[in-house]
Amino acid sequence: MSAIAQKFPDARGRYGPYGGRYVPETLMAPIEELECGFAAARADAEFARSLDDLLRHFAGRPTPLQFAARLTAHLGGPRIYLKREDLLHTGAHKINNCLGQGLLAQRMGKSRVIAETGAGQHGVATATVAARLGLACVVYMGREDMERQRLNVFRMRLLGADVVAVDSGSRTLKDAINEAMRDWVTNVRDTHYLLGSVLGPHPYPLMVREFHKVIGEEARAQILRAEGRLPDLLVACVGGGSNSIGLFHAFLADPGVRMLGVEAGGRGHALGEHAVRLAAAAGYGGARPGVLHGTYTYVLQTPEGQIATTHSVSAGLDYPAVGPEHAWLAEEGRAEYTAVDDDAAVDAARSLARIEGIVPALESAHALAELIRRAPAMPREQVVILNVSGRGDKDMEILSRYL
Ligand SMILES: *Cc1c(COP(=O)(O)O)cnc(C)c1O
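Thresholds applied
Counting of residues starts from 1 at the beginning of each chain's written sequence and follows it residue by residue. Given that this is a predicted model, residues contribute local features only at a pLDDT of at least 70 and side-chain atom pairs are listed and counted only at 80 or more, while totals for whole chains, interfaces and linings are drawn from all residues. Excluded from the side-chain calculation are hydrogens and water; included are all heavy atoms of the structure. Whenever Lys or Arg places a side-chain nitrogen within 4 Å of a carboxyl oxygen from Asp or Glu, that contact is recorded as a salt bridge. Put simply, DSSP H or I for four residues or longer makes a helix, DSSP E for two residues or longer makes a strand, and each gets a number counted from the N terminus. Think of it in three bands: residues with accessible area under 20% of the maximum for their type are buried, residues over 50% are exposed, and the middle band is partly exposed, with areas taken using a 1.4 Å probe on protein chains only. As a rule, the C-alpha atoms of each element are fitted with a line to give its axis, helices using only the stretch in contact, and angles between N-to-C directions run from 0 to 180 degrees. Angle categories are assigned with fixed cut-offs, so that under 35 degrees is roughly parallel, over 145 is roughly antiparallel, 65 to 115 is roughly perpendicular, and the rest are oblique. Should the near helix be turned anticlockwise from the far one by less than a right angle, the crossing is left-handed, and should it be turned clockwise, the crossing is right-handed. Only heavy atoms matter for contacts: two residues are in contact if any of them lie within 4.5 Å across the pair. Polar here means any residue other than Ala, Val, Leu, Ile, Met, Phe, Trp, Tyr, Cys and Pro, which are nonpolar, and Asp, Glu, Lys and Arg, which are charged; Gly is therefore polar. An automatic or database domain assignment is the source of the domain bounds shown. Defined here as a combined quantity, buried area equals the accessible surface (1.4 Å probe) lost by two parts on assembly, summed across both. Pairs of N or O atoms within 3.5 Å make up the polar contacts considered here, provided that, within protein, one atom can donate a hydrogen while the other can accept it, and that residues adjacent in sequence are counted only when both atoms are side-chain atoms. To be near a molecule or strand, a residue needs just one of its heavy atoms within 4 Å of it. Exposure was quantified through the Shrake-Rupley algorithm and a 1.4 Å probe, taking into account, for residues, occlusion by the shown protein chains and nothing else. Strands were regarded as paired on the criterion that DSSP finds at least two bridges between them.

Engineer: How should I be thinking about the pattern of salt bridges in this particular structure?
Structural biologist: Pairs can form between side chains of opposite charge whenever their charged atoms are close. Summed over the entire model, instances satisfying the criterion amount to 30 salt bridges. The salt bridge partner of Asp44 is Arg107, with a shortest N-O separation of 3.0 Å. Of the two residues, Asp44 sits in the loop between helix 2 (25–42) and helix 3 (45–59) while Arg107 sits in helix 5 (residues 94–107), which places them 63 residues apart along the sequence. Between Arg373 and Glu370 there is a salt bridge, with the nearest N and O atoms lying 2.6 Å from each other. Residue Arg373 and its partner Glu370 are both found in helix 15 (residues 362–374); the two are separated by three residues, about one turn of the helix. Given a relative accessible area of 1%, Glu370 falls into the buried group. Residues joined by salt bridges that share partners form a network here, namely Arg42, Arg209, Glu210, Lys213 and Glu325.

Engineer: Please clarify how the packing of helix 5 against helix 6 (residues 121–133) should be interpreted in this entry.
Structural biologist: Running from N to C, helix 5 and helix 6 cross one another at 45°; their axes reach a closest spacing of 9 Å. Regarding the angle of helix 5 to helix 6, the classification is oblique. The interaxial crossing formed by helix 5 with helix 6 has right-handed handedness. On the side of helix 5, the interface is formed by Lys94, Ile95, Cys98, Leu99, Gly102, Leu103 and Gln106, while helix 6 contributes Gln121, His122, Ala125, Thr126, Thr128, Val129 and Leu133. Looking at the contact of helix 5 with helix 6 residue by residue, the class counts come to seven nonpolar, six polar and one charged.

Engineer: Would you mind going over unusual backbone geometry with me for this structure?
Structural biologist: Most of the time, phi is negative for any residue but glycine, and the peptide bond is trans. Arg61 connects to Pro62 through a cis peptide bond whose omega is -5°. Residue placement: Pro62 occurs in the loop between helix 3 and strand 3 (65–67). Cis geometry is adopted by the peptide bond preceding Pro203, which originates at His202 and carries an omega value of 15°. Among the structural elements, Pro203 can be located in the loop between strand 8 (191–193) and helix 10 (204–212). If you check the backbone angles, Thr90 has positive phi at about 75° while not being a glycine. With respect to the secondary-structure elements, Thr90 resides in the loop between strand 4 (79–84) and helix 5.

Engineer: Help me understand the domain arrangement of the chain in this model?
Structural biologist: Where the parts come together, the accessible area they lose is often given as the size of the interface. When cut into domains, the chain gives domain 1 (14–56 + 94–209) and domain 2 (61–91 + 213–402). Computed from C-alpha coordinates alone, the two centres of domain 1 and domain 2 are separated by 23 Å. Across the boundary between the two partners, domain 1 contributes 30 residues, which contact 33 residues of domain 2. Counting the surface lost from both domain 1 and domain 2, the interface buries some 2,700 Å², and carbon and sulfur atoms represent 66% of this.

Engineer: Just checking my understanding: could you explain the side chain of Asp175 for this structure?
Structural biologist: Position of Asp175 relative to the elements: it lies in helix 9 (residues 173–187). Side-chain polar atoms of Asp175 contact the backbone nitrogen of Arg171, separated by 2.9 Å. Within the structure, Asp175 has its side chain in polar contact with the backbone nitrogen of Thr172 (distance 2.9 Å). The contacts of Asp175, once residues within four sequence positions are left out, are Val166, Ser168, Gly169 and Ser170.

Engineer: When you look at the site of the ligand in this model, what are you seeing that I'm missing?
Structural biologist: Within the structure, the ligand sits among 16 residues, and Lys94, Ser197, Gly239, Ser242 and Ser389 are positioned closest to it. Between the ligand and His93 there is a distance of 2.9 Å, counted from an oxygen atom to a side-chain nitrogen or oxygen. In the environment of the ligand, an oxygen atom lies 2.7 Å from a nitrogen or oxygen atom belonging to the backbone of Gly239. Considered on its own, the ligand offers 380 Å² of accessible surface; in the complex 96% of this is hidden by protein. Looking at the shell around the ligand residue by residue, the class counts come to four nonpolar, 10 polar and two charged.

Engineer: For this particular structure, what's the right way to read the packing of helix 3 against helix 5?
Structural biologist: Think of two packed helices as two axes; the pair is described by the angle between the axes and how far apart they sit. Put simply, helix 3 and helix 5 touch, their axes get as near as 10 Å, and they point 140° apart. Classified by the angle their axes make, helix 3 and helix 5 are oblique. Once helix 3 is placed against helix 5, the crossing between them reads as right-handed. Of the residues in helix 5, those touching helix 3 at Phe47, Ser50, Leu51, Leu54, Leu55, Phe58 and Ala59 are Ile95, Asn96, Leu99, Gly100, Leu103, Leu104 and Arg107. A breakdown of the residues in the contact of helix 3 with helix 5 according to their chemical character gives 10 nonpolar, three polar and one charged.

Engineer: Explain the sheet that holds strand 3 here, please?
Structural biologist: Strand pairs in the sheet, formed through backbone hydrogen bonds, run parallel or antiparallel to each other. Spatial strand order, 3-4-14-9-10-13: six strands in an open sheet with mixed pairing. A single partner strand is all that each edge strand has here, and the edge strands are strand 3 and strand 13 (336–341). Put simply, the sheet's adjacent strands are angled 25° from each other on average, direction ignored. When strand 10 (residues 258–266) meets strand 13, the two strands line up parallel, connected through six bridges. When the sheet's bridge partners are listed, Ala264 is paired in strand 13 with Val340. Sheet strands touched by helix 11 (residues 214–227): strand 3, strand 4 and strand 14 (383–388). Its angle to strand 4, the strand with the most contacts, is close to 140°. Packed on one face of the sheet, helix 14 (residues 342–356) meets strand 3, strand 4, strand 10 and strand 13 and runs near 90° to strand 13.

As structure tokens, then:
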């Protein structure tokens with residue numbers, strides 16, 4: 001508990017054995033420059049004021065903490081509150097981090113941001129922020145992904161971003177990440193690499209968490225106002241882990257608050273059919289500690305150590321590694337991790353649409369599905385906060401095909 005209560009990684013960016021900085025020599029200089037730039041921004045009240053102003057007037061913070069009266073009655077269990085990150089500009093929590101890093105890039109004198117994107121959600125949020133701040137923006141995207149996500153490619157271009165097709169490897173997210181890294185090394189003088197989750201080499205996992213912790217800080221104040229006490233349980237989906245750590249962080253030192261992260265169980269337990277890195281107890285194999293994209297964490301891999309392919313109906317959860325802080329929270333038993341499959345997530349999305357009039361993102365629907373499963377057996381006097389990380393507009397095509 002004491003190690004958890006420290007709440008920060010150590011000086012080398014480690015959460016217990018996880019995290020750190022596993023990068024080639026050529027990336028050390030830009031990463032060290034970023035670490036200094038972030039430390040300076042963090043201590044600067046003017047930076048905090050500018051970010052707060054953008055979050056409030058551009059992104060739409062604070063987001064409501066809504067009592068889900070009908071869902072609560074329907075499940076007959078604990079009192080359920082929804083943290084409405086789906087109401088933010090661009091439709092998900094991702095804008096919190098993009099605004100933070102965009103403003104940081106500007107403060108560091110960079111005129112250009114680059115990003116990689118799989119389904120396009122992080123690319124759209126990055127392009128949006130770049131436009132707002134007047135930064136040039138290049139988004140790397142696997143050619144496969146570009147074809148699958150044409151509308152998002154169009155949206156990014158409409159916002160002025162240069163979307164670059166990546167033709168190497170499997171032409172998906174991991175190839176786009178490699179390409180973005182290459183760009184960064186070459187153009188570091190004027191370029192910031194805007195990474196999209198609590199992944200990558202230190203200081204990214206720390207920095208991205210710091211830009212998302214506003215979710216939990218707001219929720220903590222809001223639940224104290226609404227209920228006069230802290231919640232019993234927090235529930236959030238875990239892709240890279242940014243919306244969940246954003247909700248969890250403000251409660252880590254409260255021993256009475258349990259935390260539950262929900263991963264993508266996909267369509268089966270076999271390696272390649274899911275994206276379950278931490279909830280191994282649920283019977284999903286293939287994850288063990290290893291290095292991916294600069295950090296030491298739980299990684300889905302073959303027995304020979306090749307990075308495994310993954311599957312999820314929700315693109316945002318479809319990634320072979322997880323943020324190192326989550327690996328540590330899991331190992332310490334401070335947070336619990338479980339998995340929900342594609343079918344249950346789709347069902348849950350439909351339930352929230354019909355019962356509360358909210359169509360959640362399929363990512364968020366994973367968290368909801370687990371809550372729907374557990375709530376009937378939980379005491380009625382308990383209080384739960386569910387993070388609705390995004391809205392489901394982007395998922396209409398998948399949902400309509402599925403239902
Ligand atoms: C990208 C995304 C996620 C997954 O990313 P995390 O870093 O785990 O939060 C979850 N929900 C939505 C709506 C997303 O767009």
